[in-house]
Amino acid sequence: MVTRAVRALRAAVLPLALIGLTALAGVVLGRVYAGGLLTWLVLGAAAGSVLVSVAARRLPSWLVAPVSVAAMAGWTLWSLRLAATHAEMPGGLLEVTVDAARNGIPRLLTAMIPVEPTPDTVLVPVVAAWLAGLTGAEVALRTGRVLLGYLPAAGLYAATLYMVGPNAEPALAPTVAFAAIAALGLATPTTSSGGGDPTADLSPRVRAAVRLRLTASAALGVALVIGLVALLGPVVAGQVDGRPVDPRRYVEPPQVQTLDENPLIRISGWALHPEQKLLEVSTQRPDAPPAGPAPEADPPTSEPSADSTLSVRMRLAVLSDYDGVTWRVGATYRNAGRILPAADPARDSTVQTVRQQISVAELSGRLLPAVATPQQVSGARVAYDPASGTLIRPEGLTPGLRYAVTSTEERPDSNLLPTANVPAGDEVARVLRVADGVPDPMRRLATQLAEDNGAPYARASAIEQFLAEHYRVVADAPSGHAYPNLGFFLFGPRNGGGQEGTSEQFAAAFAVLGRLSGLPTRVVVGFRTSGQGPVLAGDAFAWPEVLFDGLGWVAFDPLPRPNDEPRPVEEDFRPTPEDPPPSEAPAPTAEPSTSPEPAAGADAKPGNDGISTPVLVAGGSGGLLLVVGALLLTLLAMRRSLTRSRLVRGDPGQRIAGAWREVTDALRLAGRPIGDDLAATEVAGHAHRALADARAGASGDETAAGDDRAGTGDATTAGGPASADSSAPAVDELATLLNQVGFAPGAATSDQAARAAELSTAYVTSLRSARPWWRRLLWSVNPTPLRHARRSSR
């Protein structure tokens, strides 16, 4: 009886060792998961796979695998259902299983740490653990090759170490446990069917030879192990303190669409349709403090002061990168579960918990709005960028989507702002970078505002106050925040559309002026609401933020206050003239003291050896004609060379831009120049009108053309030229190609560049042919395009 119990105990050691080795992989991987659910699921897979093999030892080997796979399917489905319930994921078991099977590996590699155990993040570990346990049990128990049976479990363990990478502390305890369990399984002898010494029936001489051979083999094996330890030990020891490789860096995380990469351009569109319903929001503040006394003068602008009832700011996107043309998100989003990584609040700020129930109406894209900074999300699968604290839904937003967000809202201590400093160094270089090409007036304005304000908060407040006092908010201002757009917004003539814009221009101008003053700034796009009820397109706006030491990102509001009439910019800022002013002393007038004497021999007739006057006149006229002809030929060659370099040379994007410059040069030559503040579509409408007017003028109907210009200006601005000829070249198509180059660099093709050259050539030819004959002669030798090309290249 005792012998049978000992045999049973010995027989159980190896299966238990296999279960332990396989389960340790779940222990290691579970360190980067939220909670302990994954570890228990992997432990169940390890135990189930080995126990199925133990129970089926008397079955044929070919039948064990199908039985075990059927058991694995049952355990996996139960695990997926348990994970879906734990994560509160909607949908049936079939839908959840198909989605996990399709996206399990990419979502596991792009998941945010800590990883929430959802169906798609537990499927691969559970299946891998079951297969490793099945393979190891069959090899070790059925064939008796214990060391070979350890290989699947060891491979799974190594794979989990690689998956964890540098995202957890070194797995010293699990590794020691792995080695101890493996040694225990090897040290425990297995019983044979006879139960005795296998060499008992041999003669003493043969038995001695067998034992000698076994001893020699064991000694050789020990020597080999010692040699490998001596050889590889220093190498392994040198890697102990090294940083493991993170496999996630080789996998591309979820990306945002072009629409979401720069949501700042959506402000003007939303402003034109303020009644469009984008969201439905319900907000709760469980730990909101009681209302305190009114703030003192010059408080930090943590909320817009335009309407005190609009007390909730929902962030849609944070834009930190600016290249002089476009503000971009530049975030790296990782798939996340319900629980998001906790962010450390600023040292000198207070934190409030905000809970929101949000329903999507007509908001499009992938960006998911929420109060900063989200800590928990339910009802939607999200990806998260810890650097900006913003969310996206990789599948995109759909009407009717409902989700709940719990956020921690930080509010800085207003008493510390006047003396707070701003950080510097490589960590904030991204939000301090100023792109090349800053207009000189903008740089001088930033210098002027910073001259009398040494403290960072004083500088930021000066910029905020200057913008609020000198500029007007209008809903129909064109979109754009490149340097030329901001320059026109800041310094353009008020009667020509300058010094007014949407919150897009106010926030972008503040951020650029702030960086020029040494302040780390960024632009945020979001919504300003009361926290309850619908969120409309008119609630969308952009605001700038400045980073302060110990206080974090502080929002500012450069928008003008209601009913405040802006002062002219010229009253407080005049650009320094490029040339010094003339001297106040009048310039002396030179008067001749004596009458000039006539040249000697002026009236004398030429002698026989002199050159006659007709010959001199003919020679001078001929030389002058040669000089003029050479000059005209040179101009003609330079103009053709400029056109050829624009349309033929460079990459497709440069060629499309060159084709657009040909059109703008043609408009200048036709006496219809364009302003730098116009968008490409507006320039296309202007080009259509110029061609229509030129054709009307060529037919002698100048008056009708003037009336047509006056009557269709508004329609042209809104949707295209009302008087455009159907036979006119498609300048609108060229404008579309130019916008593609501007907002999607590198996406243009050679065929599109060729099409742009064709459209440009057709339009220039049509416009030139509509001009009078004498203007057509001067068209190709006019040096104006050469001067503008030289000026733009500087």
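Residues numbered from 1 in each chain as written. Predicted model: local features only at pLDDT ≥ 70, side-chain atom pairs only at ≥ 80, totals over all residues. Heavy atoms only, no water.

The full count for this structure, using the stated rule, is two cavities of 30 Å³ or more. As a volume, the largest cavity reaches approximately 50 Å³. Lining the largest cavity are Arg315, Leu316, Leu368, Pro369, Ala370, Val371, Ala372, Pro374, Gly389, Thr390 and Leu391. Classifying every residue of the lining of the largest cavity by side-chain character gives eight nonpolar, two polar and one charged. (1 Å grid on protein atoms, 1.4 Å probe; cavity = no way out; pocket = protein on both sides within 12 Å on 5 of 7 lines; lining within 4 Å. Points joined across faces, edges and corners; volume = space filled by probe spheres on them. Nonpolar A, V, L, I, M, F, W, Y, C, P; charged D, E, K, R; others polar.)

Secondary-structure assignment places Arg338 in the loop between strand 5 (334-336) and strand 6 (349-360). For Arg338, a relative accessible area of 16% gives the class buried. Contacts of Arg338, omitting those with residues within four sequence positions, involve His86, Ala87, Glu88, Glu116, Gln375, Gln376, Val377 and Ser378. (Helix = DSSP H or I, 4+ residues; strand = E, 2+ residues; numbered from the N terminus. Buried < 20%, exposed > 50% of the residue type's maximum accessible area, 1.4 Å probe, protein only. Contact = heavy atoms within 4.5 Å.)

This part covers the sheet that holds strand 10 (residues 390-392). As summarised here, the arrangement of the four strands in space is 5-9-10-7, forming an open sheet in which the pairing is antiparallel. Every interior strand has two partners, whereas the edge strands, strand 5 and strand 7 (367-368), have only one. In this sheet, strand 10 lies alongside strand 7 in antiparallel orientation, the contact comprising two bridges. Bridge pairing in strand 10 places Leu368 opposite Leu391. (Pairing = 2+ DSSP bridges.)

Here we come to the nonpolar core. Core analysis: the biggest nonpolar cluster contains 80 residues, and Trp270, Leu279, Trp327, Leu363, Phe527 and Phe548 have the highest contact counts within it. Among the elements that make up this core, the one with the highest residue count is helix 14 (residues 503-516) (eight residues). Among residues more than four places away in sequence, those in contact with Leu279 are Met314, Ile358, Ser359, Val360, Ala361, Leu363, Pro369, Phe527, Gly533, Pro534 and Val535. One finds Val32, Leu108, Ala137 and Ala153 within the second-largest nonpolar core, a separate group that totals 47 residues. (Core = buried A, V, L, I, M, F, W, Y, C linked by side-chain atoms within 4.5 Å.)

For the rest of this paragraph, the subject is helix 20 (residues 750-769). Residues three or four positions apart in an α-helix share a direction because the helix packs 3.6 residues into each turn. Between its first and last C-alpha, helix 20 extends 29 Å over 20 residues, near the 28 Å set by a 1.5 Å rise per residue. If you check which residues of helix 20 are buried, you get Ala753, Ala756, Ala757, Leu759, Ser760, Tyr763, Val764, Ser766 and Leu767. (Expected span 1.5 Å × (residues − 1).)

Confidence along the protein averages 80 in pLDDT terms, with 80% of residues attaining 70 or more. The spread of mean pLDDT over the elements of the protein runs between helix 18 (residues 702-719), the lowest at 40, and helix 14, the highest at 96. Every residue in residues 191-195 is under pLDDT 50, and counting partners more than four places away or in other chains gives three contacts. Segment residues 291-310 is flagged for pLDDT under 50; beyond a separation of four residues in sequence, or across chains, it makes 31 contacts in the model. (pLDDT = per-residue confidence, 0-100.)

Strand order in this open sheet of five strands is 8-11-6-1-15, and the pairing throughout is antiparallel. Looking at which strands have only one partner, the edges of the open sheet turn out to be strand 8 (374-378) and strand 15 (532-536). Strand-to-strand twist of the sheet, defined as the mean angle between neighbouring strand axes without regard to direction, takes the value 25°. When strand 1 (residues 277-284) meets strand 6, the two strands line up antiparallel, connected through six bridges. Bridge pairing links Leu279 to Val360 in strand 6. (Axes fitted to C-alpha atoms, helices over the stretch in contact; angles between N-to-C directions.)

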